[in-house]
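Breakdown of the fold
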Amino acid sequence: MPSLLERYASFLPITDRTPRITLGEGATPLVRSLWLERETGIDEVWLKCEGANPTGSFKDRGMVVAVAKALETGSRAVLCASTGNTAASAAAYAARAGLPCTVVLPAGYVAVGKLVQAIAFGARIVAVRGAFDAALAIVRELGESGEATLVNSINPHRIEGQKTAALEICEALGDAPDALFIPVGNAGNITAYWRGFTQAHDAGIARSKPRLYGFQAEGAAPIVRGMPVADPRTVATAIRIGAPASWAGAVRARDESGGAIEAVSDEEIMDAYREVARHDGVFCEPASAAAIAGLRKRASVRATKDTRRAVCVLTGNGLKDPDTARSLAGELLEVDATADAVRRALALA
Ligand code: F0G
């Protein structure tokens, strides 16, 4: 399979001189959810499983472009702020490119799987006592010296790469879906999808464009509230963001597509997180489940009655956040290693 940079060269800002680096990003599975079709009454519900990317999240699509362009322009290092996934992805692609990588994280609010990835890939890691928004402000300032290339989604190459997921969806379905459901944190991804769907339409890959429905966590919903949130709170640490950098892009995606940006509660997120794993065998991280929670919420008030075909973007792999997954169960049953003891334990379980 050609790499993402090769497959989508004509849609991306790359030249003959851009190194064609790859870790096998993109071409992720689109899995049908029979469970959500039954529950919502929508004819077709598809899950775009971005957790299947090399570092386990959608960030790899944008990072491969951002790091390739950094190499092309002679950059000597990369730098980012992150709730975890951007850090894991930046660290991996920087390692591949032979560039040092620095990541600035909100102390205490990065899922352990993401942190260990950044460690494994050899990033320099600094945790700050503040939320993602403070970390982003810091790296913006550090980036001004020009020593390291900033690879947050304010780097336009990130958005360009991430839009390829929308192109893949249109190719797989033969058209755009009627509606796309997606979590919103720093708001780069919803911005990227809208660009991707618009370009798919212009290129004749899709006859229509979808309505985009973005979902923030109730305790971290600045776009829904119309003002920044100083102390964002949610179990979905990936989208624990109070002042999204791509706010304007998200609003444009919402308004131009005729969609909406709404809030879902932590309870709704956790319920969707558990249920999609149990019914569909798809294990995503809590932030990703916000998309499913949002779809279920809209369907419950019949706000999806004009939707025949929906796609939920599952942005990250459930293994990223083992602590949250483990918290769903109590102590494991532990017994003597005999069939009898196991049989007795199962009778009680
Ligand atoms: N889902 C996951 C799993 C994420 O990691 C993020 C963002 C989002 C959704 C939201 O995407 O920011 O483009 O609106 N994670 C960033 C990070 C902030 O640092 O890894 P967005």
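Along each chain, residue indices are assigned from 1 in the same order as the chain's sequence is written. Only residues with pLDDT of at least 70 are given local features in this predicted model, and only at 80 or more are side-chain atom pairs given and counted; all residues enter the totals for whole chains, interfaces and linings. To obtain the side-chain values, all non-hydrogen atoms of the structure were used and water was disregarded.

This brings us to the pattern of salt bridges. We count a salt bridge whenever a side-chain nitrogen from Lys or Arg sits within 4 Å of a carboxyl oxygen from Asp or Glu. A full pass over the atoms with the stated rule returns 22 salt bridges. Between Arg61 and Glu168 there is a salt bridge; the shortest N-O distance is 2.9 Å. Of this pair, Arg61 sits in helix α3 (residues 59-72) while Glu168 sits in helix α8 (residues 164-173), and the two are 107 residues apart along the sequence. With a closest N to O distance of 3.1 Å, Arg296 and Asp271 form a salt bridge. Placement of the pair is Arg296 in helix α13 (residues 286-300) and Asp271 in helix α12 (residues 266-280), with a sequence separation of 25 residues. Put simply, DSSP marks the helices as runs of H or I at least four residues long and the strands as runs of E at least two long, and each gets a number from the N terminus on.

When pLDDT is averaged along the protein, the result is 97; 100% of the residues meet or exceed 70. Residue-level confidence of the predictor, termed pLDDT, takes values from 0 up to 100. Per-element confidence in the protein ranges from a low mean pLDDT of 93 for helix α15 (residues 339-348) to a high of 99 for strand β10 (residues 309-314).

Okay, the sheet that holds strand β4 (residues 101-106) next. Pairing within the open sheet is parallel, and its four strands lie in the order β5-β4-β3-β6. The sheet terminates laterally at β5 (124-128) and β6 (149-150), the two strands that pair on one side only. Sheet analysis places β4 next to β5, joined by five bridges and oriented parallel. Within β5, the residue paired with Val103 across the bridge is Ile125. Whether two residues touch is decided by their heavy atoms; if any such pair falls within 4.5 Å, the residues are in contact. Think of each axis as a best-fit line through the C-alpha atoms, taken over the contacting stretch in the case of a helix, with angles from 0 to 180 degrees between the N-to-C directions. Relative to the sheet, helix α6 (residues 132-143) contacts β3 (78-81), β4, β5 and β6, its axis offset from that of β3 by approximately 155°. Think of it this way: DSSP has to see at least two bridges between two strands before they count as a pair.

For the rest of this paragraph, the subject is a nonpolar patch on the surface. Like charges are joined within 9 Å and nonpolar side chains (Val, Leu, Ile, Met, Phe, Trp, Tyr) within 5 Å, but only among residues with over 30% relative accessible area and no salt bridge; these make up the patches. For accessible areas, the Shrake-Rupley method is used with a probe of radius 1.4 Å. Any residue's cover is judged against the shown protein chains and nothing else. A surface patch of nonpolar side chains, about 300 Å² in accessible area, is lined by Val112, Val116, Ile119 and Ile125. A total of three residues in the nonpolar patch trace back to one element, the largest contributor, which is helix α5 (residues 112-120). Its location among the elements puts Val112 in helix α5. Each residue is assigned to one of three classes by its accessible area relative to the maximum for its type, calculated with a 1.4 Å probe on protein chains only: buried under 20%, partly exposed between the two thresholds, exposed over 50%. The class of Val112 is partly exposed, set by a relative accessible area of 34%.

In terms of burial, strand β8 (residues 211-217) is largely enclosed, as six of its seven residues are buried. With five bridges connecting them, strand β7 (residues 179-183) and β8 associate as parallel partners. Across the sheet, residue Ile182 finds its bridge partner in β8, namely Gly214. Taking the sense of rotation as the criterion, the β-α-β connection linking β7, helix α9 (residues 188-202) and β8 turns out right-handed. Think of it like this: strands point away, you trace from the first strand over the helix to the second, and a clockwise trace means the crossover is right-handed.

What follows deals with the site of the ligand. Neighbouring residues of the ligand: 20 residues in total, closest Ser82, Asn186, Ala187, Asn189 and Thr315. Here an oxygen atom of the ligand sits 2.8 Å away from a polar atom, N or O, in the main chain of Thr83. When the ligand is considered free in solution it has 480 Å² of accessible area, and contact with the protein chains removes 98% of it. Secondary-structure elements contributing two or more residues to the shell around the ligand are α4 (85-97) and α9. Only heavy atoms are used to decide nearness, and a residue is near a molecule or strand if one of them lies within 4 Å of it. For the purposes of these results, a polar contact is taken to be a pair of N or O atoms within 3.5 Å, where, inside protein, one atom must be able to donate a hydrogen and its partner to accept one; residues adjacent in sequence count only when each atom of the pair is a side-chain atom.

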